[in-house]
Amino acid sequence: MKKLKIIAPSSYVPGLKSEDLDKVVPFFYKLKYNINYNKYLFEKKYFFSGTDEHRLTDLMDAFLDKKTDAIVILRGGAGALHLLDKIDYQLISISLLIH
């Protein structure tokens, strides 16, 4: 089985609970993926999915986890723009080369 991480680096999803995401497990299971949620997925700060630091942590963790095969992003939005200058692109590129 491959490992898929779900993260939300932008806006939060109103009313989202882990039970809601459990509904997509059978779909990804058929594609041979186990789903993992990152630490701050369900956090809310204003209209963002947590603080910039927490969203950045989830994003970097998803890229740097050597066992992660795919990443699904919930909701796009301007919140991701706050992270662009904080992302360690060099570390991500090195991590992707090692995979």
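Note that the coordinates shown come from a computational prediction; the quantities given were computed from them, not determined experimentally.

### What to know about the environment of Leu-74
And then number 1: Tracing the backbone shows Leu-74 in the loop between β3 (70–73) and α4 (89–98).
And then number 2: Sequence separation between Leu-74 and Ala-62 is 12 residues; the distance between their C-alpha atoms is 13 Å.

### A short note on the sheet that holds β3
And then number 1: Across the sheet, which stays open at both edges, the three strands sit in the order β2-β1-β3 with parallel pairing between neighbours. Both outer strands of the open sheet, β2 (33–37) and β3, are each paired with one neighbouring strand and no more. Recorded for the sheet is a direction-independent mean angle of 30° between the axes of neighbouring strands.
And then number 2: In this structure, strand β1 (residues 2–7) lies alongside β3, joined through four bridges in parallel fashion. If you follow Ile-7 over to β3, its bridge partner there is Ile-73.
And then number 3: Docked against the sheet, helix α3 (residues 52–64) engages β1 and β3, running at close to 165° with respect to β1.

### Examining the side chain of Ser-49
And then number 1: Looking at the element boundaries, Ser-49 is found in the loop between β2 and α3.
And then number 2: A polar contact of 3.4 Å, which involves the side chain of Ser-49, links it to the backbone oxygen of Ala-8.
And then number 3: Excluding anything up to four places from it in sequence, Ser-49 contacts Ala-8, Ser-10, Ser-11, Tyr-12, Tyr-40, Leu-41, Glu-43 and Arg-55.

### Re the nonpolar core
And then number 1: By size, the foremost hydrophobic cluster in this structure holds 10 residues: Leu-4, Ile-6, Ala-8, Leu-21, Phe-28, Tyr-33, Ile-35, Leu-41, Ala-70 and Leu-74.
And then number 2: For this core, the elements supplying multiple residues, two or more each, are β1 and β2.
And then number 3: Not counting chain neighbours up to four residues away, the residues in contact with Ile-6 comprise Leu-21, Ile-35, Asn-36, Tyr-37, Asn-38, Leu-41, Val-72 and Leu-74.
And then number 4: Core analysis: the next-biggest nonpolar cluster, separate from the first, contains eight residues, Met-60, Ala-62, Leu-83 and Ile-87 among them.

### Some points on the packing of aromatic side chains
The geometry of an aromatic ring pair is captured by two quantities: the separation of the ring centres and the angle between the planes.
And then number 1: In this structure the tally under the stated criterion is three aromatic pairs.
And then number 2: Seen from their ring centres, Tyr-37 and Phe-42 are 5.9 Å apart, and the 85° between their planes marks the pair as edge-to-face.
And then number 3: Accessibility expressed as a relative area gives 27% for Tyr-37, which makes it partly exposed.
And then number 4: Ring centres of Phe-47 and Phe-48 lie 4.4 Å apart, and the angle between their planes is 40°; this geometry places the pair in the tilted category.
And then number 5: Looking at Phe-48, the relative accessible area reads 12%, which means it is buried.
And then number 6: Note that Arg-55 overlies the ring of Phe-48, its terminal NZ or CZ placed 4.8 Å from the centroid.

Criteria and cut-off values
- Residues numbered from 1 in each chain as written.
- Predicted model: local features only at pLDDT ≥ 70, side-chain atom pairs only at ≥ 80, totals over all residues.
- Heavy atoms only, no water.
- Helix = DSSP H or I, 4+ residues; strand = E, 2+ residues; numbered from the N terminus.
- Pairing = 2+ DSSP bridges.
- Axes fitted to C-alpha atoms, helices over the stretch in contact; angles between N-to-C directions.
- Contact = heavy atoms within 4.5 Å.
- Polar contact = N/O pair within 3.5 Å; in protein donor to acceptor, adjacent residues only side chain to side chain.
- Core = buried A, V, L, I, M, F, W, Y, C linked by side-chain atoms within 4.5 Å.
- Buried < 20%, exposed > 50% of the residue type's maximum accessible area, 1.4 Å probe, protein only.
- Phe/Tyr/Trp six-rings, centres within 6.5 Å; stacked < 30°, edge-to-face > 60°.
- Lys NZ or Arg CZ within 6 Å of the ring centre and 35° of its normal.

Keep in mind that these numbers describe shape and distance, not what the molecule does.
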